[in-house]
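Each chain is listed here by its residues.
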Amino acid sequence: MRGEGFHPHLTAPDTDPDAAVPLRARLHHVRAGELDGDTAQSGGMRRFAAISGRTVGSEKLWMGETHVAPATASSDHHHGESETAIHVVSGHPEFVFLDHSSGEPVEVRLRTGPGDYVFVPPYVPHREENPDPAHEAVVVIARSTQEAIVVNLPSLHTES
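This one's a predicted model, so the numbers in the text were calculated from it and none came from an experiment.

Focus on the pattern of salt bridges
Any two side chains of opposite charge can pair, given that their charged atoms come close.
And step 1. With the rule as written, the count across this model stands at 5 salt bridges.
And step 2. Note that arginine 109 is salt-bridged to glutamate 94, the shortest N-O span being 2.8 Å. With arginine 109 in strand β7 (residues 106–111) and glutamate 94 in strand β6 (residues 94–99), this residue pair connects regions lying 15 residues apart in the sequence.
And step 3. The exposure class of glutamate 94 is buried, given its relative accessible area of 10%.
And step 4. In this structure, arginine 127 engages glutamate 129 in a salt bridge whose closest nitrogen and oxygen atoms are separated by 2.7 Å.
And step 5. You can call arginine 127 buried: its relative accessible area is 14%.
And step 6. One network of salt bridges, in which partners are shared, links Asp76, Glu94, Arg109, Arg111, Arg127 and Glu129.

Thoughts on the packing of aromatic side chains
And step 1. Using the criterion set out here, one finds 0 aromatic pairs in the structure.
And step 2. Positioned above the aromatic ring of tryptophan 62 is the side chain of arginine 143, whose terminal nitrogen or guanidinium carbon lies 5.1 Å from the ring centre.

Regarding the pairing of strand β2 (residues 62–68)
Residues in a regular strand point their side chains to alternate faces of the sheet.
And step 1. Buried residues dominate β2, accounting for 5 of its 7 residues.
And step 2. Of the strand pairs in this sheet, strand β1 (residues 45–51) and β2 are connected by 6 bridges, and their pairing is antiparallel. Bridging across to β2, phenylalanine 48 finds its partner in glutamate 65.

Considering the environment of glutamate 129
And step 1. With respect to the helices and strands, glutamate 129 occurs in strand β9 (residues 126–130).
And step 2. Note: C-alpha distance between glutamate 129 and serine 75 (54 residues apart in sequence) is 9.2 Å.
And step 3. With residues up to four places along the chain from it excluded, the contact list for glutamate 129 reads Val68, Thr72, Ala73, Pro93, Glu94, Val96 and Arg109.
And step 4. There is a polar contact of 2.4 Å between the side chain of glutamate 129 and the side chain of arginine 109.
And step 5. There is a polar contact of 2.7 Å between the side chain of glutamate 129 and the side chain of arginine 127.

Describing the environment of serine 58
And step 1. Within the fold, serine 58 resides in the loop between α1 (53–56) and β2.
And step 2. Serine 58 sits 87 residues away from threonine 145 along the chain, and the two C-alpha atoms are 9.1 Å apart.

Topic: the sheet that holds strand β10 (residues 137–143)
And step 1. If you walk across this open sheet you meet the 5 strands as β1-β2-β10-β5-β8, and the pairing is antiparallel. Among the strands making up the open sheet, the edge pair consists of β1 and β8 (117–120). Strand-to-strand, the axes of this sheet are offset by a mean angle of 25°, without reference to chain direction.
And step 2. Across 7 bridges, the pairing between β2 and β10 is antiparallel. Residue histidine 67 lies in a different strand from β10, and its bridge partner there is valine 138.

Calculation notes
- Residues numbered from 1 in each chain as written.
- Predicted model: local features only at pLDDT ≥ 70, side-chain atom pairs only at ≥ 80, totals over all residues.
- Heavy atoms only, no water.
- Salt bridge = Lys/Arg side-chain N within 4 Å of Asp/Glu carboxyl O.
- Helix = DSSP H or I, 4+ residues; strand = E, 2+ residues; numbered from the N terminus.
- Buried < 20%, exposed > 50% of the residue type's maximum accessible area, 1.4 Å probe, protein only.
- Phe/Tyr/Trp six-rings, centres within 6.5 Å; stacked < 30°, edge-to-face > 60°.
- Lys NZ or Arg CZ within 6 Å of the ring centre and 35° of its normal.
- Pairing = 2+ DSSP bridges.
- Contact = heavy atoms within 4.5 Å.
- Polar contact = N/O pair within 3.5 Å; in protein donor to acceptor, adjacent residues only side chain to side chain.
- Axes fitted to C-alpha atoms, helices over the stretch in contact; angles between N-to-C directions.

Have a look at this one:
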């Protein structure tokens, strides 16, 4: 049906039926079951793209979902030049980073719950954890770059 889902082959009304509608000339509806699992990954997490250059032709934004399995943690990593915003959908994920504001690096653990938001500045090493032994944590992520950048690190103390 016209207007349903992601169909770049659709034609604009009253135009040549062989002319495709440019990706950036219309809205895109990405259904929950159509998320793209072919994304950058770090251990202990599954990332799925909803809005990206590949899925909808986005040039400056990436948005998707991350699932953290019960009793697990991601690898230490950063997201390169991306600013990252996180919205907690379910579970109680924890976000771990080193705070250098006192001169000495101090490990900080942000404990979150459904409805909370977290901002991760560019190049800041961090780790997501799900301490719940029985339930997955799910977060929605928006990034200021077209695709998901994940640079895995050997530890939080590693300089980017």
